[in-house]
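As a plain string of letters, each chain reads:
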Amino acid sequence: MRRFLVLTLSILLIFAMLVGCTTGENQEVEGPEDNGEVVESEPSEDGGRLILSTTTSTENSGLLGHILPVFEEETGIKVDVVAVGTGEALQMGKDGDADILLVHAKESEEEFVAEGHGLERHDVMYNDFILVGPEDDPLKLKENAPEDILKGLKAVAEKGATFISRGDDSGTHKRELAIWGEADIQPEGEWYYSAGAGMGDVLTMANEKQAYTLTDRGTYLSMKDTLDLEIIIEGDDKLFNQYGIIPVNPEKSDHINAEGAKKLMDWFLSEETQELIGEFGVEEFGQPLFIPNAK
Amino acid sequence: MEIRVKNLKRYYSDNLVLDIDNLTMEKGKIIGVIGPNGSGKSTLLNIIAGLDKGYLGTVEYDKKPIDKETYRDMTIVFQKPYLFRRKVYENIEYPLKIRGVDRNIIGERVEKIIERFEIEDLKDNKAHLLSGGESQKVSLARALVFKPKLLLLDEPTSNIDPESIKIMEREIVRFNKETGSTIIIVTHNMEQSRRLCDDIIYLEEGKVGC
Amino acid sequence: MDYILEGFREALKLLTTFDREIYGIISLSLMVSTTATVVAALICIPIGIHLGIKNFRGKRAFSRILYTFMSIPSVIVGLMVAIILSRKGPLGRFDLLYTPKAMVIAQTLLVIPLILGLTYSLSKNRGKEIENVGITLGGNKKDIIILIIKELRLDLMVNVVTAFSRAISEVGAVMIVGGNIKYRTRVITTTISMMKSMGDYPTAIALGLVLLVISFVINSIIYSYSGED
């Protein structure tokens, strides 16, 4: 047994040394060091490649798959969409691993630009969040508070009705926490499930548990057929969700395709694209999933 | 136990390796089965032991076919013994334990047989780490401890030291005298079979010779 | 680059300060995987031993199917269990989905073919000799299975530990049936995967280290045991 202990400790020691040794010097060289590894940093003849980092909920809505081919055809630039949580999307920008971001956490985004990680930030569109819950709506929120999310959440917490939270630091999660904060409730306890998962998983879970959850309208509509959940609260101002687009500061990495990023941003803000965004989802769900609002 | 073999044929694919019309081994005797390599000695022993069931013909034990009771009344010691990965003492007590023999009686009998085989020093050793002669003595002791009515020995003393052979032969004979059990020894050592056996069966190419 | 180093430093801090959440996650991981492995072992070892020494029709086909199932992807097991336990599924009324029990069920099903296959192949190769000795000393079916288990205990233990390693390191099944719910069904692997997607590297690294240490300790135990013989 003693031998293990010694071995285990030595391994930990080695880790500790690694941490210690590499701290000081390597930081500055980090950019150039990465040089060899990244593929296709220079624009190739077909217009090059662009990494768009966005959130899973955006990707899941299907919007990008619908409109980006238009951009790719127009410019010959291939756009690779990396769908992650808002936190990680911003981190990718900070690390220079993405060329441009399309996210929905306005405060963090403005901070991101203020810290010099991004060049500029523009509103693109917004969608809204809704509170969904079991069809029989045991708390009768639909009758008592159809447009008042604060009142609704207070009732959920007071009655201890099961509520599933994304719990994954995503834009939706942040918004949910902000609303709990406004309602002056600490979301904790037996009734509160923090799933650490994407919107689709959380809706499935809420469906299984017949619980309440806060979701973006797009994901809910796209899954509606498989869920025994209904919209309980919608239309509250606190539930609107603004999307912003931010080209990453090209100084972050040698590999950033600044030119392509600028083109994509301009394209998103153009009148034609804004129209495209406004049309998306109307055919399938009878209502648009995103409302364009670029200035 | 009396063993009677009738019209016994054993094929390995298309080769007839054993072909015995009629053979009786009398109760209470030590019977030697000798013959050259490949003459079917071990095959015959395995068939009698009930381990090889792919034969034609009949084998009777006291005029009855083999059954569960018979299995419990006989045993075989192989040329290369397999001892359990536990102490020598625990190896020897195993047959008594699974028969549910009273613990005090187990102790007595195991101690006694250990003494007879002169392996007191090895009692607490791990059995799978013993030398060839030691293993074979333990293996024989483990077989004798539950006093089988039929004891089958497949070249039990090949490749072991003379001192161990002497002890084993002595104990085989003594066991036969004390219990009146039938013992069948396969060997290719003529000297040994003459020393120990009442009857000798000579096998050649699967057939009983003279 | 600095976030990696920062990650390691934070990780060591989390571990040495006995962060409540982290240790909750670790103990749930150990609990779920241990229970699943033990249950699977209790079922599979006797059956595997029995099938290994028994001659039956189609044994060859059986081996092939069994060996295929040994490497069944964990997400498939997870999916199967989720479908069965879901509200609309056949066992929906027990309300087991998204509970540690569901995770135990999924991991048990995941390692059953593994333990069964390893035991079966071990028994097929080495059981016959032991069976013969057992029979000739007068053992019945049950005696013989117990005897073979005792004789092969070291190899069996290695197999069980192999199964445990598979259970504790898999993420697909527990993610699907557990749902990675904070304080309830969050285990080491699902947390690592989630923390990564949230950009929280310290916690991910800390748990990665723990997982490494667990495998290391397990392997050392096995080696020290096999060295004993």
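Residues numbered from 1 in each chain as written. Chains lettered and ligands numbered in written order. Predicted model: local features only at pLDDT ≥ 70, side-chain atom pairs only at ≥ 80, totals over all residues. Heavy atoms only, no water.

This paragraph deals with a negative patch on the surface. All names here are of chain A. A cluster of acidic residues, Glu73, Glu74, Glu271, Glu272, Glu275 and Glu279, forms a negative patch at the surface. Secondary structure elements with two or more residues in the negative patch: α3 (63–75) and α12 (271–279). For the negative patch, the element with the most residues is α12, which contributes 4 residues. Note that Glu74 resides in helix α3. For Glu74, a relative accessible area of 55% corresponds to the exposed category. (Patch = residues over 30% accessible without salt bridge, like charges linked within 9 Å, V, L, I, M, F, W, Y side chains within 5 Å. Areas by Shrake-Rupley, 256 points an atom, 1.4 Å probe, with all protein chains shown as cover. Salt bridge = Lys/Arg side-chain N within 4 Å of Asp/Glu carboxyl O. Lys, Arg positive; Asp, Glu negative; His and termini not counted. Charge placed at Lys NZ, Arg CZ, Asp CG, Glu CD. Helix = DSSP H or I, 4+ residues; strand = E, 2+ residues; numbered from the N terminus. Buried < 20%, exposed > 50% of the residue type's maximum accessible area, 1.4 Å probe, protein only.)

A word on helix α7 (residues 153–169) of chain C. Along its 17 residues, α7(C) runs 24 Å from first to last C-alpha, staying within 8% of the 24 Å computed at 1.5 Å per residue. Residues of α7(C) that are buried include every one of C:Leu156, C:Asn159, C:Val161, C:Ala163, C:Phe164, C:Ala167 and C:Ile168, and no others. (Expected span 1.5 Å × (residues − 1).)

Let us now look at the sheet that holds strand β9 (residues 207–208) of chain B. Residue and element names in this part refer to chain B. Across the sheet, 6 strands lie side by side as β5-β6-β7-β3-β8-β9; this open sheet has mixed pairing. At either margin of the open sheet sits one strand with a lone partner, and together these are β5 (74–77) and β9. In the packing of helix α1 (residues 41–48) onto the sheet, the strands contacted are β3 (30–34), β5, β6 (150–154), β7 (182–186) and β8 (199–204), and the crossing angle to β6 comes to about 150°. (Pairing = 2+ DSSP bridges. Contact = heavy atoms within 4.5 Å. Axes fitted to C-alpha atoms, helices over the stretch in contact; angles between N-to-C directions.)

Once that is clear, we can look at the interface of chain B and chain C. Across the contact, 19 residues belong to chain B and 17 residues belong to chain C. Roughly 1700 Å² is buried in total at the junction of chain B and chain C, and carbon and sulfur atoms are behind 54% of that figure. The tally of links between chain B and chain C comes to 2 salt bridges. The closest approach of N and O atoms between B:Arg72 and C:Asp143, which form a salt bridge, is 3.7 Å. (Buried area = accessible area lost by both parts, 1.4 Å probe.)

To continue, consider the pairing of strand β3 (residues 100–103) of chain A. All names here are of chain A. The two faces of β3 match: Ile100 and Leu102 on one face and Leu101 and Val103 on the other face are all buried. As judged from the 3 bridges shared by strand β1 (residues 49–55) and β3, these two strands associate in the parallel manner. The residue of β3 that forms the bridge with Leu52 is Ile100. Across 4 bridges, β3 lies against strand β9 (residues 240–247) in antiparallel orientation. From the neighbouring strand, Ile100 faces β9, where its bridge partner is Pro247.

All names here are of chain A. Contact pair helix α11 (residues 258–269) / α12: the axes reach a minimum separation of 5 Å and the direction vectors enclose 65°. Seen from α11, the contacting residues are Trp267, Phe268 and Leu269; seen from α12, they are Glu271, Thr273, Gln274 and Ile277. Residue composition of the contact of α11 with α12, grouped by class: 4 nonpolar, 2 polar and 1 charged. (Nonpolar A, V, L, I, M, F, W, Y, C, P; charged D, E, K, R; others polar.)

A word on the domain arrangement of chain A. Residue and element names in this part refer to chain A. The domain boundaries assigned to chain A delineate domain 1 (49–126 + 243–292) and domain 2 (127–240). Opposite the 12 residues of domain 1 that make contact, domain 2 presents 14 residues. For the pair domain 1 and domain 2, the two sides together bury roughly 1200 Å², of which 57% comes from carbon and sulfur. Contact with domain 2 buries area across many residues of domain 1, yet Tyr126, Phe285 and Leu289 alone supply 34% of it, more than any other trio. Joining domain 1 to domain 2, the criterion identifies 0 salt bridges. Run the count over domain 1 and domain 2 and you get 1 residue pair in polar contact (both at pLDDT 80 or more). When contributions to the side of domain 1 that touches domain 2 are tallied by element, the ones reaching two or more residues are α2 (56–61) and α4 (86–94). (Domains from an automatic or database assignment. Polar contact = N/O pair within 3.5 Å; in protein donor to acceptor, adjacent residues only side chain to side chain.)

Applying the stated criterion across every chain yields a total of 15 aromatic pairs over all chains. With a centroid separation of 6.1 Å and 80° between ring planes, the pair formed by A:Trp180 and A:Tyr192 is classed as edge-to-face. Highlighted residues: A:Trp180 in helix α8 (residues 171–182) and A:Tyr192 in strand β6 (residues 192–194), separated in sequence by 12 residues. No difference in accessibility class separates A:Trp180 from A:Tyr192, as the two residues are buried. Aromatic ring contacts, followed pair by pair, group A:Phe163, A:Trp180, A:Trp191 and A:Tyr192 into a single cluster. Above the ring of B:Phe146, the side-chain terminus of B:Arg99 is found at 3.8 Å from the ring centroid. (Phe/Tyr/Trp six-rings, centres within 6.5 Å; stacked < 30°, edge-to-face > 60°. Lys NZ or Arg CZ within 6 Å of the ring centre and 35° of its normal.)

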